[in-house]
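Letter by letter, the chains look like this.
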Amino acid sequence: MLERLRDAMNAHDARRLASLCAQDYRSAQPLHPGRGFGGRAQVLENWSSVFDGVPDFTSELLASSQGGDIEWGEWYWHGHHVDGLPFAMCGVTIFVVHDGLFAEGRLYMEPLEADGGDIEAAVQELYKPPPGPSH
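Residues numbered from 1 in each chain as written. Predicted model: local features only at pLDDT ≥ 70, side-chain atom pairs only at ≥ 80, totals over all residues. Heavy atoms only, no water.

A closer look at helix α4 (residues 119-127)
Here is step 1 of the chain: Little of α4 is tucked away: zero of the nine residues are buried.
Here is step 2 of the chain: For α4, the side-chain oxygen to backbone nitrogen distance between the N-cap and E120 is 3.2 Å, and the N-cap itself is D118.
Here is step 3 of the chain: Backbone geometry just downstream of α4 places K128 in the positive-phi region, at approximately 45°. (Buried < 20%, exposed > 50% of the residue type's maximum accessible area, 1.4 Å probe, protein only. Helix = DSSP H or I, 4+ residues; strand = E, 2+ residues; numbered from the N terminus. Polar contact = N/O pair within 3.5 Å; in protein donor to acceptor, adjacent residues only side chain to side chain.)

What to know about the pairing of strand β4 (residues 70-80)
Here is step 1 of the chain: Pairing analysis gives nine bridges linking strand β3 (residues 58-67) to β4, with the strands arranged antiparallel. The residue bridging G67 from the neighbouring strand is I70, located in β4.
Here is step 2 of the chain: Hairpin connection of β3 to β4: two residues between the antiparallel strands, including G68 at a positive phi of 65°.
Here is step 3 of the chain: Linking two consecutive strands that pair antiparallel, namely β4 and strand β5 (residues 86-98), is a turn of five residues; a positive phi of about 95° is found at G84 within it. (Pairing = 2+ DSSP bridges.)

Side note on the nonpolar core
Here is step 1 of the chain: Formed by 27 residues in total, the largest nonpolar core has its most connected members in L5, W47, W77 and F102.
Here is step 2 of the chain: If we skip the residues at most four places from it in the chain, L5 touches L17, L20, W75, F95 and F102. (Core = buried A, V, L, I, M, F, W, Y, C linked by side-chain atoms within 4.5 Å. Contact = heavy atoms within 4.5 Å.)

See below:
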């Protein structure tokens with residue numbers, strides 16, 4: 001299923017992509033709880049906007065795994081916005097497949113940080129350790 005999803009993405013075919021989802025498809029983005037939605041129609045609307053906003057959108061399926069009705073994929077999505085600025089996202093998706101359609105999806109996709117700090121800066125920002133010698 002993930003290869004079919006990738007192929008629909010790379011064809012910029014929002015209708016074909018949406019057709020891979022059940023009518024009552026449920027999507028969650030656990031890192032962004034307010035972005036959850038339901039229904040194939042919303043999938044079509046979302047991906048139509050993606051392809052309009054990033055006309056050279058490319059999807060690379062870097063790795064995948066399947067067990068039972070669960071399919072995991074690691075992705076790299078990239079291209080350019082209509083204003084020419086680069087677009088890039090990386091992450092993981094986890095889909096539940098029923099009757100040959102995506103029934104549920106959890107997306108952990110995030111924009112690629114081009115100018116982020118190193119690991120020391122990230123540890124300081126995320127975990128805020130107290131000053132002093134580390135163990």
